[in-house]
Amino acid sequence: GYRAYGTSQLERLAFIRHCRALEIPLAEIRRLLDFVARPADECGDIDRLIDEQLLKVRARLKSMHALERQLAELRKRCDA
């Protein structure tokens, strides 16, 4: 009942899991995976998609860093 995955399959699954955690729609994940499997000469559409997702990831990171600072500040209050 167990499956043995190779490195490339594990990387693909991790990529999908990370994308889903960021609420990237499955259709967009599929487009990104298709591009990985078959890079196209014309990258205009995929570049735009990647740029949009990078903006979202960077915004999420900024938000997470702000939360980290707030939690650290709360921790300091408990240590006092």
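Shown above is the structure to which this text applies.
Residues numbered from 1 in each chain as written. Predicted model: local features only at pLDDT ≥ 70, side-chain atom pairs only at ≥ 80, totals over all residues. Heavy atoms only, no water.

1. Let's talk about the environment of A59
Part 1: Position of A59 relative to the elements: it lies in helix α3 (residues 44-79).
Part 2: In this structure A59 comes out as partly exposed when scored by relative accessible area, which is 47%.
Part 3: Separated by 25 residues in the primary sequence, A59 and D34 place their C-alpha atoms 25 Å from one another. (Helix = DSSP H or I, 4+ residues; strand = E, 2+ residues; numbered from the N terminus. Buried < 20%, exposed > 50% of the residue type's maximum accessible area, 1.4 Å probe, protein only.)

2. Points about helix α2 (residues 26-37)
Part 1: For α2, with 12 residues, the first-to-last C-alpha span of 16 Å sits near the 16 Å given by 1.5 Å per residue.
Part 2: For α2, the set of buried residues is E28, I29, L32 and L33. The arc that holds every buried residue of α2, seen down its axis, measures 135 degrees, which confines them to one face. Exposed residues lying more than 90 degrees from the buried face of α2 are R30 and A37.
Part 3: At its buried positions, α2 is contacted by α1 (7-21) and α3. (Expected span 1.5 Å × (residues − 1). Arc of directions from axis to C-beta. Contact = heavy atoms within 4.5 Å.)

3. Details of the side chain of Q53
Part 1: Mapped onto the secondary structure, Q53 falls in helix α3.
Part 2: Among residues more than four places away in sequence, those in contact with Q53 are I24 and E28.

4. Some details on a nonpolar patch on the surface
Part 1: Together, M64, L67, L71 and L74 give the surface a local cluster of nonpolar side chains, amounting to about 360 Å² of exposed area.
Part 2: Residue position: L67 is located in helix α3.
Part 3: A residue is classified by how much of its surface remains accessible, and L67, at 37% relative accessible area, is partly exposed. (Patch = residues over 30% accessible without salt bridge, like charges linked within 9 Å, V, L, I, M, F, W, Y side chains within 5 Å. Areas by Shrake-Rupley, 256 points an atom, 1.4 Å probe, with all protein chains shown as cover. Salt bridge = Lys/Arg side-chain N within 4 Å of Asp/Glu carboxyl O.)

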